[in-house]
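Per-entry structural report
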Amino acid sequence: LKMSSPAAASTKTWFPLESNPTVMDTYMANLGLDIQQYSFQDVLATEDWALDMVPKPVLGVLMVYPIKESSEAYRHEEQERINRDGQHISPSVYYMKQTVGNACGTVGLLHCIGNVQNKVSIASGSYLDRFYDKTSQYNPDEIAQFLNEDEEIEQTHEAATMEGSSERQEDVDTHFVCFSCVDGHLYELDGRKSGPINHGECSEEELLSKSVEVIKGFMARDPEEMRFTIVAFTKRPEEEE
């Protein structure tokens, strides 16, 4: 999905990643994440019973939603409000822009892991270890450019898109967004937007519930749409005997 700013957009387009926890686990493991500790889990619904089923702690939340006129109109309204009122963004937030078409799944995962690097185990010398080390002092546009030029992650992403159960197609209108808790606030991290969106105070224990409240807002703006999916990055559930 192209950035709205033509100057920032890359001509490069990847095949989109499927919103599938098994695919995400394999993809991130191939990049160096230890998925024996934390892994991706489907969130089956927005009701309390479904949130209660998700293993705790939750370190990140990913949403996939369709980009439509209603969502784009809201995005512009939101940006105008931020331009007018401002917002607090912690300098600790790891955030990057998205310039590669259909790279939103990878960008969402890099946001997710990037904001909990001190809580997860990443193999020394692995792709993720090198990526975060290299980009830690980069601004969001510089990280996007690094991703745009990096053939290693492009090939790993390509392999991940072949793992899914749905047919690969370049022309999609769905988009990944990440929600992270950083320094006591909930941030929406979307590489198509001008920067992170601060959704207010949030403890780490509240990450899932407060992310879902924001997601319900997305759903309410397009009540006829069914193509919303939610995936939590969470402590791996204990294996049942």
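All values reported here derive from a predicted model rather than from experimental measurement.

Turning to the packing of helix α1 (residues 21-30) against helix α4 (residues 104-114), a few remarks are in order. For any two helices packed against each other, the geometry comes down to the angle between their axes and how far apart the axes lie. Taken N-terminus to C-terminus, the directions of α1 and α4 make an angle of 70°; their axes are 12 Å apart at the nearest point. Looking at the two axes, α1 sits roughly perpendicular to α4. You can see that α1 and α4 cross each other, and the crossing is right-handed. Taken together, the residues of α4 that come into contact with α1 (itself represented by Met24, Tyr27 and Met28) are Thr106, Leu109 and Ile113. Residues belonging to the contact of α1 with α4 are distributed by class as follows: five nonpolar, one polar and no charged.

In the structure shown here, the tally under the stated rule is eight aromatic pairs. Ring centres of tyrosine 127 and phenylalanine 131 lie 5.8 Å apart, and the angle between their planes is 25°; on these two criteria the pair is classed as stacked. A residue pair is termed a helical-turn pair when its members lie 3 or 4 positions apart in one helix, as tyrosine 127 and phenylalanine 131 do in helix α5 (residues 127-135) at four residues. Using a relative accessible area of 1% as the deciding quantity, one classes phenylalanine 131 as buried. Consider the rings of phenylalanine 131 and phenylalanine 146, whose centres lie 5.7 Å apart with planes at 55°: the pair is tilted. One end of the pair, phenylalanine 131, is in helix α5; the other, phenylalanine 146, is in helix α6 (residues 140-149), with 15 residues separating them in the sequence. You can call phenylalanine 146 partly exposed: its relative accessible area is 21%. Taken together, the ring pairs connect Tyr94, Tyr127, Phe131, Tyr132, Tyr138 and Phe146 into an aromatic cluster. Arginine 221 extends its terminal NZ or CZ atom over the ring of tyrosine 74, reaching a point 3.5 Å from the ring centre.

Below, the discussion takes up the sheet that holds strand β3 (residues 174-182). Spatially, the six strands line up as an open sheet ordered β1-β6-β2-β3-β4-β5, and their pairing is antiparallel. Looking at strand neighbours, the two that pair on one side only are β1 (38-43) and β5 (197-201), the edges of this open sheet. Going from strand to strand, the sheet's axes swing by 25° on average, the running direction of each strand aside. With six bridges connecting them, strand β2 (residues 58-66) and strand β6 (residues 229-235) associate as antiparallel partners. Note that in β6 the partner of valine 61 across the bridge is alanine 232.

Right, let's get into the pattern of salt bridges. For the structure shown, the criterion picks out eight salt bridges. Residue lysine 210 is joined to glutamate 206 by a salt bridge in which the shortest nitrogen-to-oxygen separation is 3.6 Å. Take glutamate 206: its relative accessible area is 30%, and that puts it in the partly exposed class. Between lysine 216 and glutamate 213 there is a salt bridge, with the nearest N and O atoms lying 3.4 Å from each other. Of this pair, lysine 216 and glutamate 213 are both found in helix α8 (residues 207-220), three residues apart, which corresponds to roughly one turn of the helix. When its relative accessible area of 48% is taken as the criterion, glutamate 213 is described as partly exposed. Salt bridges here are not isolated pairs; linked through shared partners, they connect Glu78, Glu188 and Lys193.

Rules behind the numbers
Residues numbered from 1 in each chain as written. Predicted model: local features only at pLDDT ≥ 70, side-chain atom pairs only at ≥ 80, totals over all residues. Heavy atoms only, no water. Axes fitted to C-alpha atoms, helices over the stretch in contact; angles between N-to-C directions. Helix = DSSP H or I, 4+ residues; strand = E, 2+ residues; numbered from the N terminus. Parallel < 35°, antiparallel > 145°, perpendicular 65-115°, else oblique. Left-handed = near helix turned anticlockwise from the far one by under 90°. Contact = heavy atoms within 4.5 Å. Nonpolar A, V, L, I, M, F, W, Y, C, P; charged D, E, K, R; others polar. Phe/Tyr/Trp six-rings, centres within 6.5 Å; stacked < 30°, edge-to-face > 60°. Buried < 20%, exposed > 50% of the residue type's maximum accessible area, 1.4 Å probe, protein only. Lys NZ or Arg CZ within 6 Å of the ring centre and 35° of its normal. Pairing = 2+ DSSP bridges. Salt bridge = Lys/Arg side-chain N within 4 Å of Asp/Glu carboxyl O.

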